[in-house]
Amino acid sequence: MAEQTASFPQPTGAPGAPPPPDGGKPDAAVVRDALGVGIAVGLSGFAFGVTSAGSGLTLLQTCALSLLVFTGASQFALVGALAAGGNPYTAAAGAFFLGVRNALYGLRLSQLLSLPRPLKPLAAQWVIDETTAVTLPQPTRRAARIAFSVTGLTLYVLWNLTTLLGALGAEALGDTETWGLDAAGPAVFLALLAPMLKSATERVTAGLAVLLALGLLPVLPAGVPVLVSALSAPVVLFLMGRGGDRGPDASGPTTKPREGA
C-alpha cells in the first residue's frame, strides 16, 4: 500500500505559511499591530489620571471619565478647562465637540465591521481615533474585526488601569504643579497628534488652531478658546476652495510648443 502523506495546514501567520486564501492579512500580523497601538496609547492614561487629579477631580470622578467617556482628547480638554478655572458647562461643551468626530468614525466602521445588532452599542464605546486608524486599512472584514477588537480591548483595559494609577500617584505626590506633572497631559496629547498631521492642509489647520487658542486665551474664559479654535478648519477649507476656483487659466497663459520643435 502506498504511503500517504498528510498535509496539515500551518497556523496563520507562521513562518513560511501561505497567504490567507482571501488575500487578506495574516491574523498574527493584525493582532501584533493592534497590540502595539493599544499598549502604546493605553499607557498614556497615566498622564490623564495625574492631570485630572491635579485639576481637582476626585479619584471616583477621574476613573468614571475613563470608564464612561473613553476618548482621550475630550477627557484632556475637559480637565484642562476645569484646571484653568473654566465654567463646567463650557468645559463640557468643548469636550463634546471634540468627541463628535467619533460619531463620524462610527458611520464608516459600522459598514466595514457589519456587527450583529446586539453588539453595536457595546462596540460604539470603542469607536475612537486609535481603533479607527488600525481598523480602516485592513483588507478584509475578518482582519478589520480582529483589529478593532484587539485594539479596543487592549486600549480600554490599559487606559483605565493607568488612569487609576495616575490618579493615585497624583494624590500621593500632592501638588502636581510642584513636580511639573500639570504639563503631562498637553505633552501626551501633542505627541499623539503630531504624527497624524501628514498633509500641508492638516499642518496649516493645526497651526491656525494653535494661534487662535493662544491668542484668545488671555481675553476669553477658560475653555472658550478651544471652541473658537475649531473655526480654523472651515477657514482653511474656504481659502483652499477659493484658490481652487481660479481654474486652469488662473496661472496665466501657457505657451504651446511649436510643431516640429
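Our structure is the block above this text.
Quick look at the structure, then. Here the structure is a predicted model, which means the values were calculated and not measured. (Residues numbered from 1 in each chain as written. Predicted model: local features only at pLDDT ≥ 70, side-chain atom pairs only at ≥ 80, totals over all residues. Heavy atoms only, no water.)

Residues that lie three or four places apart on an α-helix share one face, since the helix turns once every 3.6 residues. An ideal rise of 1.5 Å per residue puts 38 Å on 26 residues; helix 5 (residues 88-113) measures up with 36 Å between its terminal C-alpha atoms. For helix 5, the full list of buried residues reads Thr 90, Ala 91, Gly 94, Ala 95, Arg 101, Asn 102, Leu 109, Leu 112 and Leu 113. Immediately downstream of helix 5, the backbone of Ser 114 shows phi near 50°, a positive value. (Helix = DSSP H or I, 4+ residues; strand = E, 2+ residues; numbered from the N terminus. Expected span 1.5 Å × (residues − 1). Buried < 20%, exposed > 50% of the residue type's maximum accessible area, 1.4 Å probe, protein only.)

By secondary structure assignment, the location of Leu 59 is in helix 3 (residues 59-69). According to the relative accessible area criterion, Leu 59 is partly exposed, its value standing at 26%. For the pair Leu 59 and Glu 171, spaced 112 residues apart in sequence, the C-alpha to C-alpha distance is 8.6 Å. Beyond its immediate chain neighbours, meaning those up to four positions away, Leu 59 contacts Leu 164, Ala 167, Leu 168 and Glu 171. (Contact = heavy atoms within 4.5 Å.)

Taken together, the side chains of Leu 231, Val 235, Phe 238 and Leu 239 make up a nonpolar region of the molecular surface, amounting to roughly 400 Å² of accessible area. Among the secondary structure elements, Leu 239 is positioned in helix 12 (residues 232-244). (Patch = residues over 30% accessible without salt bridge, like charges linked within 9 Å, V, L, I, M, F, W, Y side chains within 5 Å. Areas by Shrake-Rupley, 256 points an atom, 1.4 Å probe, with all protein chains shown as cover. Salt bridge = Lys/Arg side-chain N within 4 Å of Asp/Glu carboxyl O.)

On to the pattern of salt bridges. Tallying each qualifying case throughout the model produces 3 salt bridges. Notably, a salt bridge pairs Asp 33 with Arg 32, separated by 3.8 Å at the nearest N-O pair. On the accessibility criterion, Asp 33 (30% relative accessible area) is partly exposed. With relative accessibility at 54%, the residue Arg 32 sits in the exposed group.

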